[in-house]
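A structural walkthrough
These are the residues of each chain, in order.
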Amino acid sequence: MNMAQRTPVNIVFLDRNTIPAHIVLPTPHSPHHWQAYGETQPDEVVSRLQKAEVAITNKVVIDETVLAACPNLKLIAVAATGVNNVDLAACQARGVQVCNVQGYATQSVPEHVIALIFALKRQLLGYHLDVQHGAWQQHGQFCFFTHPIGSVAGSKLGIIGKGVLGEAVARLARAVGMTVMFAEHHGATHCREGYLPFDEVISRADILSLHCPLNPNTEALINRDVLACMPNHALLINTGRGGLVDEHALLDALKTGQIGGAGLDVLSEEPAPDDHPLITASLPNLIVTPHIAWGADEAVNRLSQQLMDNIDGYLQGTPQHTLINTAAR
């Protein structure tokens, strides 16, 4: 069908606030009606999608109940790579297409990882807090040392997950003088080329960075037993998914000095509640950021453009980045 003759499509963005306000979203080329909500609560999803053919979601859940109540829905455009908030099986059964954005943060996330490593190795948070609390004046000299400072160059970085992000982190790490090891799957009986046994990486790594998906095999992958096998100076970096880590075990390991520190951009519950133990701990060797490793402006602009390209591709009969095998429009 010629785009000029096509009936305008209703497009609803359920959680526009997940994109920084200063980022200007591109406009779909296809005729459309646009409605964007800053955020959407679970009990508002169905009413907001009643007339929508295209739903945009970053983290709002779209499950079988929503799909059953929204028969006009034909495309779910996820404004992220992860799609665990969408019931893909139900979409397949109902012929609803799903697409995501891919490869947009291959610079942003690795830079965040390296930033966390430098901040923890150089004890930036600990010294910043000391200065705020008056320790510099109390020591009475031009410098003081209350936290051991480590070097990044020469460190061994263990990476769990050898996808696009894991490889990108490895490139940056090597550029600043780190040695990189990729860990084989936990419990694997043999190693693929380019990997080392999981247990070997855990026991040797000065820094461990997580870039694997969250699934039943990786949930709480970093547990008490794994933490106990890490060197007591080792750092844990998680920019993947919060559920990869047993958070209570991690807190205990940080408090007892079982490991040297942790930099987390993700938690098992987001947003974290006020009483989350890793938020209230206020440890100098723990840095928590609010799931923003992906959020450099350049990366968000790429995400936004790809998101709109996905929608236009679907509407023009040339879908891309599709996750459901349905017939083309």
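Everything below is about the structure printed above this text.
This one's a predicted model, so the numbers in the text were calculated from it and none came from an experiment. For every chain, the first residue of the written sequence is number 1, and numbering continues from 1 along that sequence. The predicted nature of this model means local features are confined to residues of pLDDT at least 70 and side-chain atom pairs, given and counted, to a pLDDT of 80 or more, with totals for whole chains, interfaces and linings taken over all residues. For the side-chain quantities, the full set of heavy atoms in the structure was used; hydrogens and water were omitted.

Some remarks on the overall build of the protein chain
For helices the rule is a DSSP run of H or I covering at least 4 residues; for strands it is a run of E covering at least 2, with both sets numbered from the N terminus onward. Helix and strand counts for the protein chain come out as 12 helices and 11 strands. For the protein chain, the C-alpha atoms occupy an extent of roughly 75 × 50 × 35 Å along the three principal directions. Burial classes: relative accessible area under 20% of the type maximum marks a residue as buried, over 50% as exposed, and values in between as partly exposed (1.4 Å probe, protein chains only). In the protein chain, which comprises 329 residues, the share counted as buried stands at 47%. What makes two residues a contact is simply this: any of their non-hydrogen atoms within 4.5 Å. Long-range contacts, defined as pairs at least 24 residues apart, comprise 62% of the intrachain contacts of the protein chain with a sequence gap of at least 6. Using a 1.4 Å probe, accessible areas were evaluated by the Shrake-Rupley method; residue-level cover was limited to the displayed protein chains. Carbon together with sulfur atoms contributes 52% to the accessible area of the protein chain, which is approximately 16000 Å² in total. Counted charges follow a simple rule, with Lys and Arg positive, Asp and Glu negative, and His plus the chain ends left uncounted. To locate a charge, take atom NZ for lysine, CZ for arginine, CG for aspartate or CD for glutamate. In the protein chain, 20 positive and 30 negative side-chain charges are present, and the distance between their average locations comes to 6 Å.

Some thoughts on the environment of Cys 229
For Cys 229, the position within the fold is in helix α9 (residues 224-229). Expressed as a C-alpha distance, the spacing of Cys 229 and Asp 199, which sit 30 residues apart in the sequence, is 8.0 Å. Apart from residues no more than four positions distant in its own chain, Cys 229 is found in contact with Ile 202 and Ser 203.

Examining unusual backbone geometry
Cis peptide bonds are those with omega within 30 degrees of zero, and the linkage from Glu 270 to Pro 271 qualifies with 0°. Structurally, Pro 271 can be placed in the loop between β10 (261-264) and α11 (277-280).

Here's the deal with the sheet that holds strand β8 (residues 207-210)
Whether two strands pair comes down to DSSP finding at least two bridges between them. Pairing is parallel in the open sheet, where 6 strands are placed in the order β7-β6-β8-β9-β10-β11. Strand pairing shows two members of the sheet lacking a second neighbour, β7 (179-182) and β11 (286-288), which therefore form its edges. Neighbour to neighbour, the strand axes of the sheet diverge by 15° on average, direction disregarded. The pairing of strand β9 (residues 235-238) with β10 spans 4 bridges and is classified as parallel. Each residue of the ladder has a partner; that of Leu 236, found in β10, is Ala 262. Lying over the sheet, helix α7 (residues 164-175) contacts β6 (156-160) and β7, oriented at roughly 160° with respect to β7. Helix axes are fitted only over the stretch in contact, all axes being lines through C-alpha atoms; the angle between N-to-C directions runs from 0 to 180 degrees.

Description of the pattern of salt bridges
We define a salt bridge as a contact between a side-chain nitrogen of Lys or Arg and a carboxyl oxygen of Asp or Glu at a distance within 4 Å. Per the stated rule, a full pass over the model turns up 7 salt bridges. Between Asp 206 and Lys 156 there is a salt bridge, with its nearest N and O atoms 3.7 Å apart. Of this pair, Asp 206 sits in the loop between α8 (198-204) and β8 while Lys 156 is found in strand β6, placing the two residues 50 residues apart along the sequence. When its relative accessible area of 10% is taken as the criterion, Asp 206 is described as buried.

Topic: empty space enclosed by the protein
Of the two site types, the cavity is a set of points on a 1 Å grid over the protein atoms alone where a 1.4 Å probe fits but cannot get out, and the pocket is an open set with protein on both sides within 12 Å along at least five of seven lines, each lined by residues with an atom within 4 Å of a point. Grid points are joined across faces, edges and corners, and a volume is the space filled by probe spheres set on the points. Overall, the coordinates contain 1 cavity of 30 Å³ or more when judged by the stated rule. There is about 30 Å³ of room inside the largest cavity. Surrounding the largest cavity, Asn 238, Gly 242, Val 245, Glu 247, Leu 250, Leu 264, Val 266, Leu 267 and Leu 278 form its lining.

Remarks on the nonpolar core
Think of a nonpolar core as a cluster: buried Ala, Val, Leu, Ile, Met, Phe, Trp, Tyr and Cys residues, connected wherever their side-chain atoms sit within 4.5 Å. Core analysis: the largest hydrophobic core is formed by 46 residues, its most contacted members being Ile 19, Ile 56, Ile 117, Leu 157, Met 178, Trp 294 and Ile 311. Not counting residues up to four positions away in its chain, the partners in contact with Ile 117 are Val 152, Leu 157, Met 178, Ile 207, Leu 235 and Ile 237. Counting 31 residues, the second-largest nonpolar core is a separate cluster that includes Leu 208, Ile 222, Ala 234 and Leu 236.

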